[in-house]
Amino acid sequence: MENRDRGFRDDHLFNLMPTDFELRDRLQYRGIYDVRMFQNAFDAQKLSFFQTLLYNWHRSTTEPKDMVYALAALANSRSEYAMSIDYALSASKIYIDLAKKELQHCTTLEILTMARSGLNRPGLPSWVPDWSRRDNYSFLYHITRPEYAYSAAGDSKSNVSVSDVGDVLVLKGVVIGRVETVGERPAMTHLTDLEGAGGAFLSWWALLGTTGDRGERRQEQFGRTLICDRLTDRIYNGWGREEFCRSIAGRFVDVIGDELPAEEIDPELVSARSWMLQRYKEVEEQVGFKFAEEKMKDVNRSFIQLSAAYIWDRRFFLGSSNIMGLATEGAEADDIICVPLGCPHPMIFRKFQDHYIVIGEAYVDGYMRGKAIEMLENGELELQTFELH
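Just so we're clear, the structure is a prediction, and the values are computed from it rather than from any experiment.

Enquirer: So what exactly am I meant to see when it comes to the overall build of the chain here?
Expert: In terms of helices and strands, the chain carries 13 helices and 8 strands. Looking at the chain residue by residue over its 389 residues, the buried ones come to 50%. Long-range contacts, defined here as pairs at least 24 residues apart, represent 67% of the contacts in the chain between residues at least 6 apart. As presented, the chain carries roughly 18900 Å² of accessible surface, and 48% of it is formed by carbon and sulfur atoms.

Enquirer: So what exactly am I meant to see when it comes to helix α7 (residues 91-105) here?
Expert: For an α-helix, 3.6 residues make a turn, and residues three or four places apart therefore share a direction. Under the 1.5 Å per step criterion, the end-to-end length of α7 is 21 Å for 15 residues, consistent within 8% with the ideal 21 Å. Counting buried positions along α7 gives 11 out of 15 residues, so the element sits mostly inside the fold. Those residues of α7 not exposed but buried are Ala91, Ser92, Ile94, Tyr95, Ile96, Asp97, Leu98, Ala99, Lys100, Glu102 and Leu103. Elements that come into contact with the buried residues of α7 comprise α4 (49-54), α5 (66-69), β1 (160-163) and β2 (168-182).

Enquirer: Explain unusual backbone geometry to me, please; I cannot follow it from the model alone.
Expert: As a rule of thumb, non-glycine residues mostly have phi less than zero, and peptide bonds are mostly trans rather than cis. Even without glycine at this site, Asp167 takes up a positive phi of about 50°. Topologically, Asp167 is positioned in the loop between β1 and β2. The residue Gln353 is not glycine, and still its phi comes out positive at about 55°. Tracing the backbone shows Gln353 in the loop between β6 (347-352) and β7 (355-364). A relative accessible area of 63% means that Gln353 is categorised as exposed.

Enquirer: I'm lost on the packing of helix α8 (residues 194-209) against helix α10 (residues 241-256) in this one. Help?
Expert: Packed helices, taken two at a time, are described by the angle between their axes plus the distance between the axes. In contact at an axis separation of 10 Å, α8 and α10 are set at 135° when each is read in the N-to-C sense. On the basis of the axis angle, α8 is oblique to α10. In the packing of α8 onto α10, the handedness of the crossing is left-handed. Of α10, the residues touching α8 (which contributes Leu194, Ala197, Gly198, Phe201 and Leu202) are Ala249, Phe252, Val253 and Ile256.

Enquirer: I'm lost on the packing of aromatic side chains in this one. Help?
Expert: Any aromatic ring pair is given by two values, namely how distant the centres are and how the planes are angled relative to each other. Per the counting criterion, the structure on display carries 16 aromatic pairs. Pairing Tyr69 with Tyr87 gives two aromatic rings, centres 5.0 Å apart and planes at 70°, and the pair type is edge-to-face. Pair noted here: Tyr69 is in helix α5 and Tyr87 is in the loop between α6 (72-75) and α7, with a separation of 18 residues, a long-range link. For Tyr69, a relative accessible area of 5% gives the class buried. Judged by relative accessible area, Tyr87 falls into the partly exposed class, the value being 42%. Seen from their ring centres, Trp239 and Trp275 are 6.3 Å apart, and the 75° between their planes marks the pair as edge-to-face. One end of the pair, Trp239, is in the loop between α9 (216-226) and α10; the other, Trp275, is in helix α11 (residues 267-286), with 36 residues separating them in the sequence. The exposure class assigned to Trp239 is buried, which follows from its relative accessible area of 5%. In this structure an aromatic cluster arises from ring pairing among Phe201, Trp204, Trp205, Phe222, Phe252 and Phe316. Stacked on the ring of Trp275, the Lys or Arg Arg246 has its end atom at 3.8 Å from the ring centre. It is Lys281 that lies over the ring of Phe291; its NZ or CZ is 5.2 Å from the centre.

Enquirer: Please clarify how the environment of Met276 should be interpreted in this entry.
Expert: In this fold, Met276 is placed in helix α11. Residue class for Met276 comes out buried when judged on its relative accessible area of 0%. The contacts of Met276, once residues within four sequence positions are left out, are Trp239, Ser247, Gly250, Arg251, Asp254, Met296 and Asn300.

Enquirer: I tried to follow the pairing of β2 on my own but got confused; where do I start?
Expert: Where a strand is regular, its side chains alternate between the two sheet faces. For β1 and β2, the ladder comprises 4 bridges, and the chain directions are antiparallel. From the neighbouring strand, Ser161 faces β2, where its bridge partner is Val170. In textbook terms, the turn of a hairpin is the stretch between consecutive antiparallel strands, and for β1 and β2 this stretch comprises 4 residues, one of which, Gly166, has a positive phi near 80°. Here 6 bridges tie β2 to strand β8 (residues 383-388), and the two strands are oriented antiparallel to one another. Directly across from Lys172, in β8, lies its bridge partner Thr385. Of the strand pairs in this sheet, β2 and strand β5 (residues 336-340) are connected by 5 bridges, and their pairing is antiparallel. By the bridge assignment for β5, Gly177 is matched with Ile337.

Enquirer: Would you take a moment to explain the side chain of Glu102 for this structure?
Expert: Mapping Glu102 onto the fold places it in helix α7. Summary of buried charges: Glu102 has no salt-bridge partner, and the nearest side chain of opposite charge, Lys101, is 11 Å away. For Glu102, the contacting residues outside a window of four places in its chain are Ser48, Phe50, Tyr81 and Ile111.

Enquirer: Just checking my understanding: could you explain the environment of Ala91 for this structure?
Expert: For Ala91, the position within the fold is in helix α7. For Ala91, a relative accessible area of 5% corresponds to the buried category. Taking C-alpha positions, Ala91 is 9.2 Å from Trp131, a pair spaced 40 residues apart along the chain. Setting aside chain neighbours within four positions, we find Ala91 in contact with Pro64, Lys65 and Arg121.

Rules used in this analysis
Residues numbered from 1 in each chain as written. Predicted model: local features only at pLDDT ≥ 70, side-chain atom pairs only at ≥ 80, totals over all residues. Heavy atoms only, no water. Helix = DSSP H or I, 4+ residues; strand = E, 2+ residues; numbered from the N terminus. Buried < 20%, exposed > 50% of the residue type's maximum accessible area, 1.4 Å probe, protein only. Contact = heavy atoms within 4.5 Å. Areas by Shrake-Rupley, 256 points an atom, 1.4 Å probe, with all protein chains shown as cover. Expected span 1.5 Å × (residues − 1). Axes fitted to C-alpha atoms, helices over the stretch in contact; angles between N-to-C directions. Parallel < 35°, antiparallel > 145°, perpendicular 65-115°, else oblique. Left-handed = near helix turned anticlockwise from the far one by under 90°. Phe/Tyr/Trp six-rings, centres within 6.5 Å; stacked < 30°, edge-to-face > 60°. Lys NZ or Arg CZ within 6 Å of the ring centre and 35° of its normal. Pairing = 2+ DSSP bridges. Lys, Arg positive; Asp, Glu negative; His and termini not counted. Salt bridge = Lys/Arg side-chain N within 4 Å of Asp/Glu carboxyl O.

Shown next as structure tokens:
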């Protein structure tokens, strides 16, 4: 906090704040800090209107139209396209117009990853995000954390067309599989509900067991899926990337095991924790630290908390070709797993009559860094056309 405070010492906005300490603190760190962070990003790069919205979509407005219009004065001056203000239009029409302009001017389908099924505004096609929706959903990517960006479609450019009749989006992409089995919805009451996250973990571990393979390789996949591969390429204090992912199952057991009778913990999970514990001790010794079990539990709890933020409003799924991943809550068996050209994330589509609807983004292990496009180029997958309503 001291470093952040130092950055505001000569800030004219800081000098205009009230003298009440609590109010000043709240405005400084929950208001002006966000403003300055966005201002720095805005000055450093050319943001589209949509990208400007990404910095602010988590904020609430009493008028849903202002999710877009409140940013117009700022975003229109920098974006490649502008949004005209017309309060006679419905919020749905405004959101559709924004999506169309973004798709027409950009070569990526990042805006598509923000669309998902559920309680959206009336009149919105499934491929258009509802910016007024407030349910604390944790999207796979946040614009302020570019180090965790995915590139499921590699360097490919989007290939789309939008019809004004019926607001139909036509795009090209590759199908990497189908959803075969979907795990239970987590019984979590909030993002930090570790007990509920632990329950989901045990349920999904049991589902993984139905494949007949929960060896080291599958444990690594499962662990990476639970944290959506939110790891940088650096080694974590002596841990290799693969073994760190493998350790996630043992870390879960370490955190939630004390609350469960020993007979309720799968023997494979007991072994996973034993391996994690032994490896943790070896790593601590290598880096010159003295092993402390309470410290280990705190570290493990922090990673389980990271996982919980993505578990709580998603469902684990198994798909064809040994695929596993996390999808939005609306995913069902037989849904299509697609990587559209230019889209940073795989998407879940559902066939409905003669077209498809968007269910939402998905983390699909092994397919977040361009593998689908490589398979397309090698002739292993075919490019297909999808009509989204």
